[in-house]
Amino acid sequence: MFQIPSGKKYYEKLKSKAYTGLALRVLVAGYVLYLAWMIASGSISGESTMPVWCVILFCTLFAVSAVFFIIYAIRSFIKALKAAEIRETSDTEEQ
Amino acid sequence: MENTQKLLKKYTMTIALVVVFIMFAFFTNGKIFLAQNISNLLLQNAYVLVMACGMLLCILTGGNVDLSVGSTLCLVGAVAAQFMSAGLNPIVTIVLCLGISLLIGIWQGFWIGYVHIPPFICTLAGMFLFRGLGRVILSSKTVNISDKTFLGIFTSYITVPGLDDGGMKWSALIVGVAVAVFLIGYTAFSRVKKAQKGYTMASPFVAFGKIIAISALVIVYAWKLTNYKGIPVMLLWIMLVVLLYAFITSKTAFGRYFYAVGGNEKATKLSGIDTKKVYFVAYCSMSILAGFSGLLVAARIGSVNGDMGMSYEMDAIGSCFIGGASAYGGSGTIPGIVIGALLLGVINQGMSICGLDNNWQYVIKGAVLLLAVIFDVVSNHKTGKA
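Only a predicted model underlies this, so the values are computations on that prediction, with no experimental measurement involved.

## Some points on the overall build of chain A
A count of helices and strands for chain A gives two helices and zero strands. With 95 residues in all, chain A has 24% of them scored as buried. Sequence-distant contacts in chain A: of pairs separated by 6 or more residues, those separated by 24 or more amount to 81%.

Here it is as structure tokens:
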């Protein structure tokens, strides 16, 4: 089977699962970031009666959690992609 | 002991729903049990229930989601509002709107199913595209819907002359009791049939306990409707969609294809099943349901603007995952997502009745999500996936 020397080949199903996992996790992290933004903007516009220390606490908590979750998502994605790699160069069929 | 653990695991979300309901009943001094609130619980969450049914099919195919449903809902609502403003017949408007939803579904289903564009990318593009189109159609204004026929089709209540003339709408209770009797009768009948064929069955205690609890809930819900305005037409639309999708996913061969594709796509393909068609149908049905939800929401609010349906995709996706659908596809049921949607609905409604500040509502939603995130990280750590 012809193979591009520098190109890596993957088990399609595992690769697709890795991408799906990354997409879902980034989506969740994005939504948590959005919630942090909504809390901050609600407080800035004066629509909320939440104490300022609570706003700072929850915004920081949500933002930091979201950033950590994105980092975790990327690390998991790299690991999953590595696991999906086809190591043999010949006589290997897709899963 | 093992059986109890199995039961608890199987009904975790149902128990969570009951606990959350009781918690909000306590915090709202029982206001959540008022007939109007019970009636509104389903009506306010009609769009979630309807869209979650379609989303389940997408998720079943391998954890794929449709991010464009909120925008499709807005676009279809905008088209409906403009058509009726121009004096078009409401029935024709509904048919045309569902046709437009189908076209959107064909568009997305083609790229995802036949060209293999990742669903996340394709529907993300759709999210921006259809939202933009909706705003263009509305000229970035709010358009009111005043057509009584259109509003009546989705938001009226069923009134039986002679039965519902007074303050109490007895037809709702009669229907509720009839449904409860049918459920118990059907369970008994199917158990007898299964016993004759020698199939293994759950114990009568579990089977009848479950169906009697469901029947009791149906009668209580019907009693609340009797005390309010009777059976809302929107409830019938919701039931129609939920029952249809429950039937497709659990009783038809085609419904099983979605589980098969999510379980092992390659094996499904080798079994002679057209997996491309399965993806195509999943996204077509999702768009039709999003469009239908657009009509439901437009009728309920009585107007349409460019922000309608914003973040509704998160509600539909959330309901599916809360209801037990797997993020990697292949598992999930319609009764499960109904529980998930109701749980989200009870949390939202409970917080509104409590009069919680918007910011506190965001904090609670964020806390629930963070718990899910921690669960994901910890469970992957345990299995050594990350």
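## So, the overall build of chain B
The helix and strand tally for chain B stands at 17 helices and two strands. Taken along its principal axes, the extent of the C-alpha atoms in chain B is 65 × 60 × 45 Å.

## Examining the domain arrangement of chain B
All names here are of chain B. Domain assignment breaks chain B into domain 1 (34-147 + 234-355) and domain 2 (157-231). Listed by partner, the interface residues are five residues for domain 1 and six residues for domain 2. The element that contributes the greatest number of residues to the side of domain 1 that touches domain 2 is helix H3 (residues 35-44), accounting for four residues. Its residues placed into classes, the side of domain 1 that touches domain 2 shows three nonpolar, two polar and no charged.

## Details of helix H15 (residues 312-322) of chain B
Along an α-helix, a turn takes 3.6 residues, which lines up residues three or four apart on a common side. The buried count for H15(B) comes to eleven of eleven residues, which makes it a mostly enclosed element. If you check which residues of H15(B) are buried, you get B:Tyr312, B:Glu313, B:Met314, B:Asp315, B:Ala316, B:Ile317, B:Gly318, B:Ser319, B:Cys320, B:Phe321 and B:Ile322. Where H15(B) is buried, its residues contact helix H1 (12-44) of chain A together with helix H2 (12-27), helix H4 (46-60), helix H5 (69-85) and helix H16 (334-354) of chain B.

## Quick word on helix H2 (residues 52-83) of chain A
Helix length check: H2(A) (32 residues) gives 46 Å between terminal C-alpha atoms against 46 Å at 1.5 Å per residue, within 8%. Of all the positions in H2(A), only A:Phe58, A:Cys59, A:Phe62, A:Ala66, A:Phe69 and A:Ala73 are classed as buried.

## What to know about the interface of chain B and chain A
On the side of chain A, 28 residues touch chain B, which itself brings 25 residues to the contact. Ranked by the residues each element gives to the side of chain B that touches chain A, the list is headed by helix H17 (residues 358-383) of chain B, at twelve residues. Here the side of chain B that touches chain A is composed, by residue class, of 13 nonpolar, seven polar and five charged.

## Considering the confidence of the model for chain B
Per-residue pLDDT for chain B has a mean of 88; in total, 97% of the residues score no lower than 70. We note a pTM of 0.83 for the whole complex and an ipTM of 0.76 for its interfaces.

## Section: the environment of B:Ser285
Residue and element names in this part refer to chain B. Of note, serine 285 is situated in helix H14 (residues 275-301). Separated by 231 residues in sequence, serine 285 and glycine 54 place their C-alpha atoms 6.0 Å apart. For serine 285, the residues in contact, after removing those within four places along its chain, are Gly54, Leu57 and Gly105.

## Some thoughts on the environment of B:Thr200
All names here are of chain B. Mapped onto the fold, threonine 200 is located in the loop between helix H9 (170-197) and helix H10 (204-227). Judged by the 5 C-beta atoms lying within 10 Å of it, threonine 200 falls in the exposed class. It is 54 Å that separates the C-alpha atoms of threonine 200 and aspartate 147, two residues lying 53 residues apart in sequence.

## Brief notes about the packing of H5(B) against H15(B)
Residue and element names in this part refer to chain B. Where H5 contacts H15, the two axes come as close as 6 Å, and the packing angle between them is 130 degrees. Between H5 and H15, the angle falls in the class oblique. Across from Val69, Gly70 and Leu73 in H5, the residues of H15 making contact are Tyr312, Glu313 and Ala316. Looking at the contact of H5 with H15 residue by residue, the class counts come to four nonpolar, one polar and one charged.

## So, the packing of H4(B) against helix H11 (residues 233-251) of chain B
Residues and elements named next belong to chain B. The N-to-C vectors of H4 and H11 enclose an angle of 20 degrees; their axes lie 9 Å apart at closest approach. By the angle class used here, H4 and H11 are roughly parallel. When the axes of H4 and H11 are compared, the crossing they make is left-handed. Each of Ala46, Leu49, Val50 and Cys53 in H4 lies in contact with H11, whose residues at this interface are Met234, Ile238, Val241, Val242 and Tyr245.

Cut-off values and rules
Residues numbered from 1 in each chain as written. Chains lettered and ligands numbered in written order. Predicted model: local features only at pLDDT ≥ 70, side-chain atom pairs only at ≥ 80, totals over all residues. Helix = DSSP H or I, 4+ residues; strand = E, 2+ residues; numbered from the N terminus. Buried ≥ 20, exposed ≤ 12 C-beta atoms within 10 Å, placed from the backbone. Contact = placed C-beta atoms within 7 Å. Domains from an automatic or database assignment. Nonpolar A, V, L, I, M, F, W, Y, C, P; charged D, E, K, R; others polar. Expected span 1.5 Å × (residues − 1). pLDDT = per-residue confidence, 0-100. Axes fitted to C-alpha atoms, helices over the stretch in contact; angles between N-to-C directions. Parallel < 35°, antiparallel > 145°, perpendicular 65-115°, else oblique. Left-handed = near helix turned anticlockwise from the far one by under 90°.

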